[in-house]
Amino acid sequence: MRVCLILIVVMTFGLTEAQTLDIMMRYMRPSVTVINNPYDHLTPDFQWSMSGRLQAEINAAINALDEGNPPLALIHLDKAVEIDSNFWVSRYYRGVCYKKLNNFPTAVREFNRTIALNPKLAEPHVELGEIYIIMWLHEKVKNEFEQASRKNQSMPNGYYGLGHAAIFEDKIDKARRLYEKSTEVDSGFAEGYLMRAMIAMQADQNDVDALNLFTRSIRANPTHAQSYFWRSYCYTRKSDYKNAFSDINKALELNPTNPFLTRARGFLYIELNDYEKAFIDFKNALNMQNRELDENKFTGYQTDLDKRIDLQGLLNYLIANGYGLKDETLVALQKGFCLLAAGRATHALASVEEAELNEPAAAVFYTKALILEEKKLHEQALAYYEKALALDRDIYEAHRKKCVYHFEKKDYKSAYEDVNEMFRIQPGSPVAHRFRGLIRSAQGYLGPAIADLTAFIKTDTTDQIAIETRYTCLAVLNKWQEAKPDAEWLLKRTGNNWRKNDEFVSQYLEVGDTAFAVKICDTFSARYPQFYFSELRALEIYGTQRNWAEADQKIAKIMSMITEQKSPVVYSRLYYWKGFISRYRDHNINEALIWFSKAVQFNSTDAEALYALADVFTELGDRKKALKAYELLAKNGYKDAQSRYDSLRNQKK
């Protein structure tokens, strides 16, 4: 396994079991993020020799950052910039705030401004390097950390970051040397020892050296929870569970509300077949995440979030209804739940089938249905959801799952029945509104579908499927004005995919709303000024409208972005429209002839340009060239080229 794949682990439930003997790597999906905490920040030294007002704002901002409140810090920093826009400290900490708020483009601008104001400073280069790692702009990472290490050779972070850059290039030995350098310049740099340990453990398969380096990392920083976690993992590889539990407990002591660490301990309990304690840890971990886990985000598409919501629902049901089960049934169900959460669906199924033999209870059937679904045995899963509901018709989650199955099978009658049950159990359920809206849309009941989807979107303004469906319903009903907010929301999520934007442009042009079509083009251009596609599309719209002033501006802008050598086909269109501007705005037909001729020269397949050229030839009395042009167009059946050719040919010379 590449080292960069195991630097930080982000755990989710419902994962496929990895084929490895190592317990934690069996259950945990690695992330490629290599920063121990990408949202930490360095604190450069500076002199407090500034005005009292400025000092007060900077101090308040730093205190707000220390308290974990970047938005408040930004308020003070904005005031600091108003007082003195060239004070590098304000710019640096504004960059820190935007980084913590995931506004990376603005953070990059602030850090670059900091560097311009204080070129000797190394810290902003480290921050930029970390941002580029998060953004996967690996080609920029190396440069920033090189500058950091060059500007401050006694700061370990530059060498540490260069170690990451080496890992991205699969240069493990180089990375090892750079991490060693980071601990040479600062013997208390825990992160450097941690990365050296990771390389020893994963690349060298040398657990002895890895354990020594993890220990050195902990000595350097006794509060470094990641080092305890990874040393626990290393002990687990050696089947030293006593020390593994000691370290994972220490990591949890440092981060008692961390669901990942809580689950990690649960996995250790699974390895020791202590499912009762594993169940408690999984329960606690899920409850920790329950604050962030919104069941109304359930989509029915078996996403990772859907699976977490499913597990949370099952957990809640087992806790609420497990007390009435036989002891051996409850133990088997808890074991099944733990194994399902660990991605071991086959083993989970065996445990639950054991429980089913003991006691055919609703909780057993519900748990088995979820496991069967994880194993993609959907018909069996549906049957077991129905068995569970036959014994307890108030399992909201089971109705929700059944509704999805029936909808996918186009059994809308049964899907409606489940939606009604969902509303009975949870009146006003947003998910029930969502499902009913999708069902009604599929059946063609567009007005009611819009009403349901609107009710759902009020509770979740981020559900793309719901918004796309409502937009489609409104479009089919020709309610284009009402559809605009949904169109704008969807357009924001197309990224730099101009083709998707152009589809919306075409739709609004078809219904005659050229103003909104142009707005789409201009919005795309503002977001992605390096692309000319949207500018060219706007030019076509302005040209068709004969809005020559705007068309002329678009032509000039596109010409400043690309050259005719590299983009002759695009330039053909630019020359085509310049020909129209010359002819109809400037009334200069000779100049129009030059531009239309160039358009055809650059793209001989552009029928529009050739047609415009033939028209000019006709007006100038160049009958021979006009006939030749119309003849070529007539062969392809273009417009009225044949009739024009015939008419011109029959005219007296």
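The residue numbers shown here count from 1 along each chain, following its written sequence. At least 70 in pLDDT is required for a residue's local features to be given in this predicted model, at least 80 for side-chain atom pairs to be given and counted, and no such filter applies to totals for whole chains, interfaces and linings, which use all residues. Computation of side-chain values covers all heavy atoms of the structure but excludes hydrogens and water.

*Asks:* Describe in detail the overall build of the protein chain, supporting the description with residues and values.
*Replies:* Runs of H or I in DSSP of at least four residues are treated as helices and runs of E of at least two as strands, each being numbered from the N terminus. For the protein chain, the helix and strand inventory stands at 35 helices and two strands. Whereas a compact globule of 653 residues would reach a radius of gyration of roughly 26 Å, the protein chain reaches 33 Å, over 25% beyond that. Over its C-alpha atoms, taken along the principal directions, the protein chain stretches across nearly 105 × 70 × 50 Å. The proportion of buried residues among the 653 residues of the protein chain is 53%. Between two residues, a contact is recorded if the distance between any of their heavy atoms is within 4.5 Å. A separation threshold of at least 6 residues defines the contact pool for the protein chain, and within that pool the share at least 24 residues apart is 54%. For the area figures, the Shrake-Rupley method with a 1.4 Å probe applies, and any residue is considered shielded solely by the protein chains shown. Accessible surface computed for the protein chain: about 30300 Å², of which carbon and sulfur atoms make up 48%. Each charge class in the protein chain can be summarised by its mean position, and for the 85 positive and 85 negative side chains these summaries are 5 Å apart. Just to be clear, the radius of gyration here is over C-alpha atoms, and the globule rule we use is 2.2 Å times residues to the power 0.38. Burial classes follow relative accessibility: with a 1.4 Å probe on protein chains only, a residue under 20% of its type's maximum area counts as buried, one over 50% as exposed, and anything between as partly exposed. Lys and Arg are tallied as positive, Asp and Glu as negative. Neither His nor the chain termini are counted. Charge positions come from single atoms, namely NZ of Lys, CZ of Arg, CG of Asp or CD of Glu.

*Asks:* Before we move on, can you summarise the pattern of salt bridges with the specific residues and values?
*Replies:* What counts as a salt bridge is simple: a side-chain nitrogen of Lys or Arg found within 4 Å of a carboxyl oxygen of Asp or Glu. Evaluation of the coordinates by the stated rule reveals 45 salt bridges. A single network of salt bridges, built from pairs that share partners, joins Arg583, Asp615, Glu619, Asp640 and Arg644.

*Asks:* I'd like a description of the nonpolar core, backed by residues and values.
*Replies:* It is characteristic of soluble globular proteins that their nonpolar side chains tend to be buried jointly. In this structure, Ile58, Tyr93, Phe214, Ile270 and Phe337 are the most contacted members of the largest nonpolar core, which totals 122 residues. Counting residues per element, this core draws most heavily on helix 19 (residues 362-374), which supplies nine residues. Setting aside chain neighbours within four positions, we find Tyr93 in contact with His41, Thr43, Pro44, Phe46, Ile62, Leu65 and Leu77. Think of a nonpolar core as a cluster: buried Ala, Val, Leu, Ile, Met, Phe, Trp, Tyr and Cys residues, connected wherever their side-chain atoms sit within 4.5 Å. Counting residues in hydrophobic clusters, the runner-up holds 72 residues, among them Ala449, Ala487, Tyr508 and Ala626.

*Asks:* Describe helix 11 (residues 207-220), with residues and values.
*Replies:* Between its terminal C-alpha atoms helix 11 stretches 20 Å, which fits the 20 Å expected from 14 residues at 1.5 Å a residue. Listing the buried residues of helix 11 in full gives Asp207, Ala210, Leu211, Leu213, Phe214, Thr215, Ser217 and Ile218. Packing partners of the buried residues in helix 11 comprise helix 10 (190-202) and helix 12 (225-237). A helix is expected to span 1.5 Å for every residue after the first.

*Asks:* Tell me about the packing of aromatic side chains, and please be specific about residues and values.
*Replies:* By convention, a stacked pair of Phe, Tyr or Trp rings (six-membered ring in the case of Trp) has centres within 6.5 Å and planes under 30 degrees apart, an edge-to-face pair has planes over 60 apart, and any other such pair is tilted. Inspection of every chain in the model, using the stated rule, returns 37 aromatic pairs. For the pair Phe46 and Trp48, a centre-to-centre distance of 4.9 Å together with 45° between the ring planes defines the contact as tilted. With relative accessibility at 38%, the residue Trp48 sits in the partly exposed group. An aromatic cluster of at least three residues, connected via ring pairs, comprises Trp498, Phe524, Tyr528, Phe531, Tyr532 and Phe533. When the NZ atom of lysine or the CZ atom of arginine is within 6 Å of a ring's centre and also within 35 degrees of its normal, the charge is said to sit over that ring. Positioned above the aromatic ring of Tyr384 is the side chain of Lys387, whose terminal nitrogen or guanidinium carbon lies 4.5 Å from the ring centre. Here Arg493 stacks its cationic end above the ring of Trp489, 3.7 Å away from the centre of that ring.

*Asks:* Talk me through the confidence of the model for the protein chain; I want residue IDs and the actual numbers.
*Replies:* Residues of the protein chain with pLDDT of at least 70 account for 93%, and the chain-wide mean is 90. For every residue, the pLDDT score states the predictor's confidence, bounded by 0 at the bottom and 100 at the top. Here residues 1-35 is a poorly scored stretch, pLDDT under 50, and it has 111 contacts once near neighbours within four places are set aside; other chains count.

*Asks:* Break down the side chain of His125 for me, with residues and values.
*Replies:* Looking at the element boundaries, His125 is found in helix 6 (residues 123-134). In protein, a polar contact requires one atom able to donate a hydrogen and another able to accept it; more generally it is a pair of N or O atoms within 3.5 Å, and residues adjacent in sequence count only if both atoms are side-chain atoms. Side chain to side chain, His125 and Glu144 meet in a polar contact 2.8 Å long. Ignoring sequence-local partners within four residues, the contact set of His125 consists of Ile115, Glu144, Gln147, Ala148 and Lys151.

*Asks:* So what's going on with the side chain of Glu373? Residues and values would help.
*Replies:* Along the chain, the position of Glu373 falls in helix 19. Using a relative accessible area of 6% as the deciding quantity, one classes Glu373 as buried. Setting aside residues no more than four positions away along its own chain, Glu373 makes contact with Gln302, His378, Ala381, Tyr385, Lys401 and Tyr405.

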